[in-house]
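Commentary on secondary and tertiary structure
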Amino acid sequence: MSVTRVLAASPRCLSFVKTLCASVGVVHVRKVTTVTETIRSKMFIAEERGSPFAPDYRVYFKDESGPVSPLHDIPLWADRGRREAHMVVEVPRWSNAKMEISLGEPLNPIKQDVKKGALRFVANVFPHHGYIWNYGALPQTWENPQHVDPATQARGDNDPIDVIEIGERVAARGDVITVKILGTLALIDEGETDWKLIAIDVKDPAAARMNDVADVETVFPGLLRATVEWFRLYKVPDGKPVNQFAFDGEAKDAAFAHRVVDEVHEFWKALVAGEAADASDICKMNVSVANSAARVERGEAARVLAGAPPAALPQDIPASVDKWHYLSSL
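Rules used in this analysis
Residues numbered from 1 in each chain as written. Predicted model: local features only at pLDDT ≥ 70, side-chain atom pairs only at ≥ 80, totals over all residues. Heavy atoms only, no water. UniProt positions renumbered as here; feature names shortened; annotations may be inferred. Buried < 20%, exposed > 50% of the residue type's maximum accessible area, 1.4 Å probe, protein only. Helix = DSSP H or I, 4+ residues; strand = E, 2+ residues; numbered from the N terminus. Pairing = 2+ DSSP bridges. pLDDT = per-residue confidence, 0-100. Contact = heavy atoms within 4.5 Å. Arc of directions from axis to C-beta. 1 Å grid on protein atoms, 1.4 Å probe; cavity = no way out; pocket = protein on both sides within 12 Å on 5 of 7 lines; lining within 4 Å. Points joined across faces, edges and corners; volume = space filled by probe spheres on them. Nonpolar A, V, L, I, M, F, W, Y, C, P; charged D, E, K, R; others polar. Polar contact = N/O pair within 3.5 Å; in protein donor to acceptor, adjacent residues only side chain to side chain. Salt bridge = Lys/Arg side-chain N within 4 Å of Asp/Glu carboxyl O.

Per an unreviewed UniProt entry, the protein chain carries the name Inorganic pyrophosphatase and comes from Danaus plexippus plexippus. The heading Sequence similarities (unreviewed entry) in the UniProt record of the protein chain holds the text "Belongs to the PPase family." The UniProt entry for the protein chain carries the following comment under Subcellular location (unreviewed entry): "Cytoplasm".

Here it is as structure tokens:
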């Protein structure tokens, strides 16, 4: 990626940085993930801060030169020619804690979602337990809430595009993996378009046999049906209605999915350039995006990480998270 000198960070981000930089935390490096780009190999390190399953928990990302934003600095494409993308894993398979890239904080670390003042865990809807695939997002994408998709007739959900990775390995939170995009579902979540890309780790033993959404049913029979059921029902135990899908829940093919990815990548470009309307709630701080007014020097990014709380032991997960919820066919 090209290198230019920093201009200035947004005032919202800089004020938050000042509050974070009061003390230096103890570094806890959990794992190292290798990803391959078309030009060179790059290492991304996931660094946990705070206490897992507590409000202060964060997962920051670093490359060989220091902290980076997983939303803005990790490239979308691992190999653009082969249409292989990077995926940031937020939630490992079988786990319940609803983790997500924090849009409003400097460097956009992963944190646990909070609803009505409580940390969020997804319910187990029988026969499923937690997330039934590795779940995460594509970097450098944004579902623009000002854009009404002509296919779904609904606006974007103001998040990076979601990905379910269906391979055999249980990933770790903060992994950055290279995936092959096979198709997509179009969830309509509270009136917003919420694309769910279907992908597989390129290193998975089944990846060579899977190039389109039809191959998912051939190689992993029943998974698409279970995935639609999971998304339809997972909020019902929390008192929400059954989720709906565009296209009657039909998974669209890889070509369709790639068009969606290209579109949300263009939306992200406008976002990080400061051209998107009503996007002041998203921190655009980055260390690598050319011509971005929110680009900062590496030292400024390092001060954000240094101001985060030190890593600590996990908090106990509430016993209610293990409960299985039995629902009739809805």
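Having seen the model, we can carry on.
Moving on to the pairing of strand β12 (residues 134–137). Residues Asn134 and Gly136 point to one face of β12 and Tyr135 and Ala137 to the other, with burial holding for every one of them. By the bridge criterion, three bridges tie strand β6 (residues 84–91) to β12 in an arrangement that is antiparallel. Bridge assignment links valine 89 to a residue of β12, and that residue is glycine 136. One ladder, built from four bridges, connects β12 with strand β14 (residues 162–165); its direction is antiparallel. Residue pairing across strands places tyrosine 135 opposite isoleucine 164, the latter belonging to β14.

Time to look at the confidence of the model for the protein chain. Per-residue pLDDT for the protein chain has a mean of 89; in total, 87% of the residues score no lower than 70. Below pLDDT 50 for its whole length, residues 1–28 participates in 62 contacts with residues either more than four positions away or in separate chains. Note on residues 30–41: pLDDT is under 50 here. Beyond four places in sequence and across chains, it has 42 contacts.

What follows covers helix α5 (residues 298–306). For α5, every residue scored as buried is listed here: Glu300, Ala301, Val304 and Leu305. In an axial view of α5, the angular spread of the buried residues amounts to 145 degrees, which keeps them on one side of the axis.

This part takes up the layout of surface pockets. Empty space among the atoms becomes visible once a probe the size of a water molecule is rolled across them. Taken as a whole, the largest pocket spans an internal volume of roughly 890 Å³. Lining the largest pocket we find 31 residues, and of these Glu100, Asp113, Lys115, Arg120 and Lys235 sit closest to its centre. Only β7 (99–101), β10 (118–119), β12 and β16 (192–201) provide two or more residues apiece to the lining of the largest pocket. Of the residues forming the lining of the largest pocket, the biggest block, three residues, is contributed by β16. Of the residues assigned to the lining of the largest pocket, the class counts are nine nonpolar, three polar and 19 charged.

Now for the environment of glutamine 153. Structurally, the position occupied by glutamine 153 is in the loop between β12 and β13 (155–156). With a relative accessible area of 62%, glutamine 153 lands in the exposed category. For the pair glutamine 153 and glutamate 192, spaced 39 residues apart in sequence, the C-alpha to C-alpha distance is 8.9 Å. A distance of 2.9 Å separates a polar atom in the side chain of glutamine 153 from the backbone oxygen of proline 150.

Now for the pattern of salt bridges. Tallying each qualifying case throughout the model produces 17 salt bridges. When the shortest N-O distance is used, the salt bridge between arginine 58 and glutamate 105 registers 2.9 Å. Taken together, the residues span a long stretch of sequence, with arginine 58 in strand β3 (residues 58–63) and glutamate 105 in the loop between β7 and β8 (110–112) at a distance of 47 residues. Judged on exposure class, the residue arginine 58 and its partner glutamate 105 are both buried. For arginine 298, the salt bridge identified is with aspartate 63, shortest N-O distance 2.9 Å. Here arginine 298, found in helix α5, pairs with aspartate 63, found in strand β3; they are 235 residues apart in sequence, far enough to count as distant. Classification of aspartate 63 by relative accessible area gives buried; the value is 5%. One salt-bridge network, in which partners are shared between bridges, spans Asp189, Glu190, Lys235 and Lys240.

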